[in-house]
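Here's the letter readout for the chains.
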Amino acid sequence: MNLLLQNISLPLADFTLEIDAQLQCQVTGIFGPSGAGKTSLLDLIAGLRQPASARIALNDRVLTDTAAGVVMPPRLREIGYVPQDLALFPHLSVRQNLLYGHRNGRETGPLFGFEHVTEVLQLQPLTARGTGDLSGGERQRVALARALLSSPRLLLLDEPLASLEAGLKAKIIPYLRRVRDEFQLPILYVTHDEQEVLALCDEVLEMQRGRMTGRRRINARNP
Amino acid sequence: MTANEWQVVGFTAWVAALSTLVILPPGLAVAWLLARHDWPGKSLVETLVTLPLVMPPVATGLILLKVLGRRGALGGFFHDRLHLDIVFTWRAVLAALGVMSFPLLVRSAQWALEQVNPRFEQIARTLGAGDLRVFFTITLPLALRGIIGGVILAFARALGEFGATIMVAGYIPGKTATLSLSIYQSVQLGEDATAYRFLGVSVALAFAAVWASGWFMRRQRR
């Protein structure tokens, strides 16, 4: 992938988010303490927040270019976003959640089939249920599958393991690896946990108070 | 109950239901604009919408009388262009009930819409949904209980409206006489038995409305 983040400037409560980077690895970790502006960066890429200035392009497709007055609305960006609170629609069943974005795929049809995604994430037994009686790990997988089924060109994962206890984290990491390897999608992975970076990412950007403070390759992916 | 008395009951229930139905689409639109957007003049509109709730109903009725009368801005238009008279007809009753119950509907719906986490709407957009689809599949269902509550409040307010109605529609038996107007009129004429029968019907209607809202909310909770 080629994700261009140029001249990004977004005033936040305590500081201004300012990023300039070009990302080319399949999985890029965005690493930093709480309140560093990581979620705001994802919101900008998804088009949910408007920056003071920015040029954001994904593989030659311009998503935001404030200088040229271009702001593509979120529904056209084809970016799968799994927010930290997951935002599973509480009034819809698991199946309805999964299918919410499925019909809106590209003209060529959905990128990933319903059967395929639910099999990889082992969701078949859950589809008839409501979202209220799912466990934390199950909710995480449903949110991930819902994003995948909308045929995204890029996946944004915001602290996918932060709310889970240690034992459950170890169970979800293999699912994230399967998604990474099976669907070959570029992923931005926000976290404040070094172990997750090592387990999943090819490269990591370090952020503090809205600035990039470091960037390093993770040489060998753990098996 | 005589046939005339039943006519009063039927007319009241019908015109209150119709007024609630008529104000529902604009009420939801205003509530949504107030709950989800910031725009110049917003607080002015918010105040104007609330005004009938705090002003004396008779004063609101006087304003309506001036606006809807043949020489009023709206009444003149209806009279000259559409050959419709409003004041002292059932249409005036409809207008009075609609205006008086509008704030209750808007306030309740606005509150219900504000309770919906905007994150759900944002994520629905990233999944490819446009504004209309987001509203009808996410926002509205999640706010539905509060909106139904507002509809029932508005309907109940319309059922009992007195002050604005008497100003703009008057008490005309068979034409504009509602339950509230008829109770007052009966007492004035010393027809206590009639007044008590209307009173009984009022209590029954109020009871049914409150019971129906409770039933609906229990059913929603599943």
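Source: prediction; values computed, not measured.

Rules and cut-offs
- Residues numbered from 1 in each chain as written.
- Chains lettered and ligands numbered in written order.
- Predicted model: local features only at pLDDT ≥ 70, side-chain atom pairs only at ≥ 80, totals over all residues.
- Helix = DSSP H or I, 4+ residues; strand = E, 2+ residues; numbered from the N terminus.
- Rg over C-alpha atoms; globule rule 2.2 N^0.38 Å.
- Buried ≥ 20, exposed ≤ 12 C-beta atoms within 10 Å, placed from the backbone.
- Pairing = 2+ DSSP bridges.
- Contact = placed C-beta atoms within 7 Å.
- Nonpolar A, V, L, I, M, F, W, Y, C, P; charged D, E, K, R; others polar.
- Core = buried A, V, L, I, M, F, W, Y, C linked by C-beta atoms within 7 Å.
- Axes fitted to C-alpha atoms, helices over the stretch in contact; angles between N-to-C directions.
- Left-handed = near helix turned anticlockwise from the far one by under 90°.

### What to know about the overall build of chain A
A count of helices and strands for chain A gives 6 helices and 11 strands. Here chain A has a C-alpha radius of gyration of 17 Å; the compact-globule value for 223 residues is 17 Å, and the two agree. Dimensions of chain A, computed from the C-alpha atoms along their principal axes, are close to 45 × 40 × 30 Å.

### What about the pairing of strand β7 (residues 79–82) of chain A?
Residue and element names in this part refer to chain A. Covered by surrounding structure in β7 are Ile79 and Tyr81 together with Gly80 and Val82, the residues of both alternating faces. Both β7 and strand β8 (residues 154–158) contribute to a ladder of 4 bridges, which runs parallel. Along β8, the bridge assignment pairs Gly80 with Leu155.

### Focus: helix α9 (residues 179–188) of chain B
Residues spaced three or four apart along an α-helix face the same direction, because each turn holds 3.6 residues. Looking only at α9 of chain B, the buried set comprises Leu179, Leu181, Ser182 and Ile183 of chain B. Directly after α9 of chain B, the chain includes Gly190 of chain B, whose backbone phi takes a positive value near 75°.

### A few points about the interface of chain B and chain A
Counting residues at the interface gives 14 residues for chain B and 15 residues for chain A. Considering every element that reaches the side of chain B that touches chain A, the biggest residue donor is helix α6 (residues 118–126) of chain B, with 7 residues. Split by residue class, the side of chain B that touches chain A holds 8 nonpolar, 4 polar and 2 charged.

### Here's the deal with helix α4 (residues 73–82) of chain B
The element α4 of chain B is largely exposed, with a buried count of 1 among its 10 residues. Downstream of α4 of chain B by a residue or two, His83 of chain B has a phi angle that is positive, lying close to 55°.

### Some details on the environment of Ser202 of chain B
Residue and element names in this part refer to chain B. Mapped onto the secondary structure, Ser202 falls in helix α10 (residues 192–221). Its 18 C-beta neighbours within 10 Å are what place Ser202 among the partly exposed residues. Remark: the alpha-carbon pair of Ser202 and Leu104, spanning 98 residues in sequence, is separated by 20 Å.

### With respect to the nonpolar core
Among the nonpolar cores identified, the biggest contains 65 residues, and Ala145, Leu156 and Tyr189 of chain A are the most heavily contacted of them. The biggest single contributor to this core is helix α4 (residues 136–149) of chain A, with 7 residues. In this structure, Leu156 of chain A is in contact with Leu42, Ile45, Ala46, Ile79, Gly80, Tyr81, Val82 and Leu188 of chain A, ignoring residues within four places of it in sequence. Grouped together as the second largest cluster of nonpolar side chains are 46 residues, Ile86, Ala154, Ala158 and Ile166 of chain B included.

### Here we look at the pairing of strand β3 (residues 27–31) of chain A
Residue and element names in this part refer to chain A. For β3, the tally of buried residues reaches 5 of 5 residues, placing the bulk of the element in the interior. Across the two faces of β3 the burial is the same, with Val27, Gly29 and Phe31 and Thr28 and Ile30 all buried. Relative to strand β9 (residues 187–191), β3 is paired through 5 bridges, and the arrangement is parallel. Bridged to Ile30 within β9 is Val190. Where β3 lies against strand β10 (residues 203–208), 4 bridges are found, and the strand directions are parallel. Counterpart to Gly29 in the pairing with β10 is Val204.

### Some details on the environment of Thr131 of chain A
All names here are of chain A. In this structure, Thr131 sits in the loop between α3 (114–120) and α4. Thr131 gets classed as buried once you count the C-beta atoms within 10 Å, which come to 20. Once the C-alpha coordinates of Thr131 and Asn97 are considered, the two residues, 34 residues apart in sequence, prove to be 8.6 Å apart. Apart from residues lying up to four places away in sequence, Thr131 is in contact with Leu88, Pro90, Val94 and Asn97.

### A look at unusual backbone geometry
Residue and element names in this part refer to chain A. The phi dihedral of Gln184 is positive, around 50°, even though this residue is not glycine. Along the chain, the position of Gln184 falls in the loop between α5 (166–183) and β9. By the C-beta count within 10 Å, which is 8 here, Gln184 ends up exposed. Positioned with a positive phi, Arg209 is a non-glycine residue whose angle comes to about 45°. As for its position among the elements, Arg209 is in the loop between β10 and β11 (211–217). Classification of Arg209 by C-beta neighbours within 10 Å gives partly exposed; the count is 16.

### Structural notes on the packing of helix α1 (residues 3–36) of chain B against helix α5 (residues 90–114) of chain B
Residue and element names in this part refer to chain B. Running from N to C, α1 and α5 cross one another at 35°; their axes reach a closest spacing of 7 Å. Judged by the twist between their axes, the crossing of α1 over α5 is right-handed. Grouping the amino acids of the contact of α1 with α5 by side-chain chemistry returns 20 nonpolar, 6 polar and 2 charged.

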